[in-house]
Amino acid sequence: MRRREPEETLAELERALAFAARSFAHAPGGLWLAGLAALAALDRAGLRSPEALALRRRAEQMRREGEERASSHELAGLEAWIALARRRAALEEAFLAASHEAPERVSSRAELAERLLDVERRLEALDRTLAEPFPDGLDALVARLRSAHPDYEPAEAAAPPEGAPLRPLLEESARRGRVERAPSAWALLGGGFLAWFFAITAIAVVAAGVARSAIVLALLALAATALVAALARRVAERRRRQRVLDAWFARERSAREREALEAARSRWALAARALGALDAFRRTDEGASLEAREGQLPSLTPWIRMAVGGLREEQVEAFA
């Protein structure tokens, strides 16, 4: 629910007073109520422009004229109505304040309920993700990995591990308590030179027609196999470290998201409780009496609302 701009409020009050002057020309109680309501609306809006002061003078004149012409019985009935409406308006103002503190603006009761239900569903999904703790020792493992790879950041789009698909890998990592040391870049370079040396030697031996060329070729194949295995192991270990860190960061993001959703749920719940308090008032004798008055004299109801504040006329049906 958005707040109205001062210019918009002033234009609306000007139109309302012009309408009241025509409608209540022969109903002094209505004139008194319209002038009183306009003054109250100006006070709440805190308008002090020259246009607002001129409008205030018109409203005061209308209130005095209505008071002079209306009977004391008519004014007493309107004052009793205003007193009842003020009790409801206090609850409506509390709901409006709570709804303005909500994470998003809502314009109806159904929208408020849907927002609260959506937060509850997301919290339940995150609770399922976070319910099963990661294995013991994983914190220490991740600390060592992050220390060894300070520049690594997981993919922003990485989703939390729903259903714990990485749990076997993490259990194995925690059980070992360390990350396997894959061959370093220098070791791989040395292996490459070794394979290159065996290859040159094999070519020279074969070219010389030496009978032991089969042995040399076997050594060459062994060196090449060792190099390929070392490369494969290095790639696998790097991928494994990445998966461990991705899983850890995804879980951390889930925990932070849950904290944010808890705060959002508290604010949505505050608005829902304020609306519930308003519903409870409507079921009281005072609430029933107020509804009866509004049903009997519907033309005065907007002015009563303007006099006491609370929900605007167009908001009443949405949050009824």
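The rules behind the values
Residues numbered from 1 in each chain as written. Predicted model: local features only at pLDDT ≥ 70, side-chain atom pairs only at ≥ 80, totals over all residues. Heavy atoms only, no water. Phe/Tyr/Trp six-rings, centres within 6.5 Å; stacked < 30°, edge-to-face > 60°. Helix = DSSP H or I, 4+ residues; strand = E, 2+ residues; numbered from the N terminus. Buried < 20%, exposed > 50% of the residue type's maximum accessible area, 1.4 Å probe, protein only. pLDDT = per-residue confidence, 0-100. Contact = heavy atoms within 4.5 Å. Axes fitted to C-alpha atoms, helices over the stretch in contact; angles between N-to-C directions. Parallel < 35°, antiparallel > 145°, perpendicular 65-115°, else oblique. Left-handed = near helix turned anticlockwise from the far one by under 90°. Nonpolar A, V, L, I, M, F, W, Y, C, P; charged D, E, K, R; others polar. Salt bridge = Lys/Arg side-chain N within 4 Å of Asp/Glu carboxyl O. Core = buried A, V, L, I, M, F, W, Y, C linked by side-chain atoms within 4.5 Å.

**As for the packing of aromatic side chains**
Phase 1: Taken as a whole and judged by the stated rule, the model has two aromatic pairs.
Phase 2: Ring geometry for F24 against W303: centres 6.3 Å apart, planes inclined by 70 degrees, an arrangement best described as edge-to-face. Residue F24 is located in the loop between α1 (6-23) and α2 (28-45), and its partner W303 is located in helix α11 (residues 301-308); the two are separated by 279 residues in the primary sequence.
Phase 3: A residue is classified by how much of its surface remains accessible, and F24, at 7% relative accessible area, is buried.
Phase 4: Summarising the aromatic geometry, the rings of F95 and F319 are spaced 5.0 Å apart at their centres and angled 65 degrees between planes, so their arrangement reads as edge-to-face. Placement of F95 in helix α4 (residues 72-100) and of F319 in the segment after α12 (313-316) is noted, with a sequence separation of 224 residues between them.
Phase 5: The class of F319 is buried, set by a relative accessible area of 0%.

**Notes on the confidence of the model for the protein chain**
Phase 1: Looking at the protein chain, pLDDT values average 79 and 70% of them are 70 or higher.
Phase 2: Here helix α7 (residues 167-176) stands out as the element of the protein chain with the lowest mean pLDDT, 52, in contrast to α4, whose mean of 95 is the highest.
Phase 3: This model gives residues 156-166 a pLDDT under 50, and the stretch forms 14 contacts once residues within four places in sequence are excluded.
Phase 4: Note on residues 176-180: pLDDT is under 50 here. Beyond four places in sequence and across chains, it has 15 contacts.

**Some words on the packing of α4 against α11**
Phase 1: Where α4 meets α11, the axes come as close as 9 Å, and the angle between the chain directions of the two elements is 60 degrees. In terms of orientation, α4 lies oblique with respect to α11. In this structure, the crossing between α4 and α11 has a hand that is right-handed. Contacts from W81, I82, A85, R86, R88, A89 and E92 in α4 reach T301, I304, R305 and V308 in α11.
Phase 2: Class assignment for the residues of the contact of α4 with α11 results in six nonpolar, one polar and four charged.

**Points about the environment of L116**
Phase 1: Among the structural elements, L116 can be located in helix α5 (residues 109-131).
Phase 2: Dropping the residues within four chain positions of it, L116 is found in contact with R265, W268, A269 and A272.

**Regarding the pattern of salt bridges**
Phase 1: Using the criterion set out here, one finds 20 salt bridges in the structure.
Phase 2: Salt bridges here are not isolated pairs; linked through shared partners, they connect R88, E92, E294, R305 and E313.

**Remarks on the nonpolar core**
Phase 1: In this structure, F24, L33, L42, W303 and M306 are the most contacted members of the largest nonpolar core, which totals 36 residues.
Phase 2: If you list the elements that add at least two residues to this core, you get α1, α2, α3 (50-69), α4 and α11.
Phase 3: For this core, the leading source of residues is α2, giving nine residues.
Phase 4: Here L33 is in contact with L78, I82, L300, W303 and I304, once residues within four sequence places are set aside.

**Description of the side chain of T301**
Phase 1: Positionally, T301 belongs in helix α11.
Phase 2: Residues within four places of T301 in sequence aside, it is in contact with W81, E294 and E313.

**Quick notes on the packing of α2 against α3**
Phase 1: Where α2 meets α3, the axes come as close as 7 Å, and the angle between the chain directions of the two elements is 150 degrees. Relative to α3, α2 is oriented roughly antiparallel. Where α2 crosses over α3, the handedness of that crossing is left-handed. Every residue of α3 that contacts α2 at P28, L31, W32, A34, G35, L36, A38, L39, L42 and D43 is listed here: A52, L55, R56, A59, E60, M62, R63, E65, G66, E67 and R69.
Phase 2: Here the residues of the contact of α2 with α3 sort into twelve nonpolar, two polar and seven charged.

**Thoughts on the environment of L42**
Phase 1: Mapping L42 onto the fold places it in helix α2.
Phase 2: Sequence separation between L42 and T9 is 33 residues, and the spatial gap between their C-alpha atoms is 8.6 Å.
Phase 3: Setting aside residues up to four positions removed in sequence, L42 forms contacts with L10, L13, L47, R48, A52, L55 and R56.

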